[in-house]
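Coordinate inspection notes
Here is how the chains run, residue by residue.
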Amino acid sequence: MQLIDTHVHINFDVFQGNLSSLRQRWQEAGVVHLIHSCVEPKEFQGIQSIADRFPEFSFAVGLHPLDVDKWQDDTAKEIKSLADSDIRVVAIGETGLDFYKANNQAEQILALQEQLKIAQELDKPVIIHCRDAAKKLKEVLTDFCQHEGSVKGVMHCWGGNEVETRWFLDLGFYISYSGIVTFKNAQQVQAAAKIVPSDRLLIETDCPFLAPVPYRGKTNEPSYVLQVAKQLAQLRLTSVETIAEQTTANACRLFGIQLTK
């Protein structure tokens with residue numbers, strides 16, 4: 001059984017000095033590939049160095065909406081240049097909208113639009129973060145697709161309800177579930193996870209955040225993506241092997257990953 005964790009942040013300090021044992025655990029859990037997301041371009045070199053150590057890594061480059069205060073006149077050019085500089089860059093992001101306690105919505109929208117343009121120009125998917133902003137995000141993506149052309153990508157760590165989920169499925173996006181789907185109080189997320197077509201489903205940890213049951217309260221790590229797969233299998237009335245096969249094939253297709261035999 002092969003699993004792909006489509007969203008990790010193992011460059012964070014909590015993992016430093018522990019990467020070898022971390023890798024041993026994700027390999028034991030069946031994780032054969034990981035996609036490292038990027039919060040801001042300054043992380044790029046550090047993420048590259050991790051990928052140099054672990055050949056099962058691909059990664060992204062972009063600016064997170066909560067870091068949009070770091071957007072400068074040359075940020076778009078920098079992201080595009082970095083994305084073009086390494087064949088292991090498989091996506092732009094993470095970008096998106098986060099309106100939880102936000103007072104910079106216009107700036108977030110501008111940064112998102114610029115990163116959508118880069119993804120389209122380079123024919124790479126976008127990794128989309130969305131918190132308390134589904135309606136506006138739908139509007140921005142719909143407007144972009146109508147005026148600039150289609151863009152592909154994934155709604156990462158998805159927490160939307162069934163209606164919101166259909167919005168982004170209709171726009172052609174993949175839906176990725178994290179440990180949130182294992183939480184007892186996440187009924188609307190669990191209901192939405194049942195309606196995602198099998199060819200649009202992805203799994204992730206978003207580590208070190210949001211450790212799934214039964215590891216809640218601990219530092220999340222890539223090996224725990226197996227718990228996400230198990231929960232999705234239970235919700236969708238299928239086997240964990242089927243979820244692994246589907247989500248791995250989907251990740252390879254969306255991100256252009258070729259697994260070694």
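Just above sits the structure.
Notes on the structure follow. (Residues numbered from 1 in each chain as written. Predicted model: local features only at pLDDT ≥ 70, side-chain atom pairs only at ≥ 80, totals over all residues. Heavy atoms only, no water.)

**What to know about the packing of aromatic side chains**
Selection rule: Only rings of Phe, Tyr and Trp enter the pairing, Trp through its six-membered ring, and a pair is recorded when the two centres are within 6.5 Å. The plane angle decides the type: under 30 degrees is stacked, over 60 is edge-to-face, the rest tilted. Labels follow the DSSP assignment, with helices taken as runs of H or I lasting at least four residues and strands as runs of E lasting at least two, numbered in each case from the N terminus. When accessible area is computed with a 1.4 Å probe and restricted to protein chains, residues below 20% of their type maximum are described as buried, those above 50% as exposed, and intermediate ones as partly exposed. Our definition puts a charge over a ring when NZ of Lys or CZ of Arg is within 6 Å of the ring centre and also within 35 degrees of the ring normal.
A complete count under the given rule lists 8 aromatic pairs for this structure. A centroid spacing of 5.6 Å and a plane angle of 85 degrees characterise the contact between Trp-26 and Phe-54, whose relative ring orientation is edge-to-face. Here the residue Trp-26 occupies a position in helix H1 (residues 19-28), and Phe-54 occupies one in the loop between helix H2 (44-53) and strand E3 (57-61), the gap between them amounting to 28 residues. Taking relative accessible area as the criterion, Phe-54 reaches 3% and is therefore assigned buried. With a centroid separation of 6.0 Å and 35 degrees between ring planes, the pair formed by Phe-54 and Phe-57 is classed as tilted. Of the two residues examined, Phe-54 and Phe-57, each falls in the buried class. Grouping aromatic residues by their ring pairs yields a cluster made of Trp-26, Phe-54 and Phe-57. Taking NZ or CZ as reference, Arg-131 lies 3.7 Å from the ring centre of Tyr-100, over its face. The ring of Phe-183 carries the charged tip of Arg-216 above its face, separated from the ring centre by 3.6 Å.

**Let's talk about helix H3 (residues 75-84)**
Heads up, the rule is: Within this analysis, the arc is defined by the directions that extend from the helix axis to the C-beta atoms. The criterion used for residue contact is that any of the two residues' heavy atoms lie within 4.5 Å.
Among all positions in H3, only Thr-75, Ala-76, Ile-79, Leu-82 and Ala-83 are buried. Looking straight down H3, one finds that the buried residues subtend no more than 135 degrees of arc, so they occupy a single side. Away from the buried face of H3 by more than 90 degrees, exposed residues Lys-77 and Asp-84 are located. Here the buried face of H3 lies against H2, E3, strand E4 (89-98) and helix H4 (105-122).

**A look at the packing of helix H5 (residues 134-148) against helix H6 (residues 162-170)**
What counts, and what does not: Whenever a helix is involved, its axis is fitted only over the stretch in contact; in every case the axis is a line through C-alpha atoms, and angles between N-to-C directions fall within 0 to 180 degrees. Roughly parallel refers to an angle under 35 degrees, roughly antiparallel to one over 145, roughly perpendicular to one between 65 and 115, and oblique to any angle outside these ranges. In a left-handed crossing the near helix is turned counterclockwise from the far helix by less than a right angle, and in a right-handed crossing that turn is clockwise. The nonpolar class holds Ala, Val, Leu, Ile, Met, Phe, Trp, Tyr, Cys and Pro. Asp, Glu, Lys and Arg form the charged class, and all remaining residues, Gly among them, are polar.
At a minimum axis distance of 11 Å, the contact between H5 and H6 shows a crossing angle of 15 degrees. Overall, the two elements H5 and H6 adopt an arrangement that is roughly parallel. With respect to the hand of their crossing, H5 and H6 are arranged in left-handed fashion. Between H5, through Ala-134, Lys-135, Leu-137, Lys-138 and Leu-141, and H6, the contact on the second element is made entirely by Glu-164, Trp-167 and Phe-168. Here the residues of the contact of H5 with H6 sort into 5 nonpolar, no polar and 3 charged.

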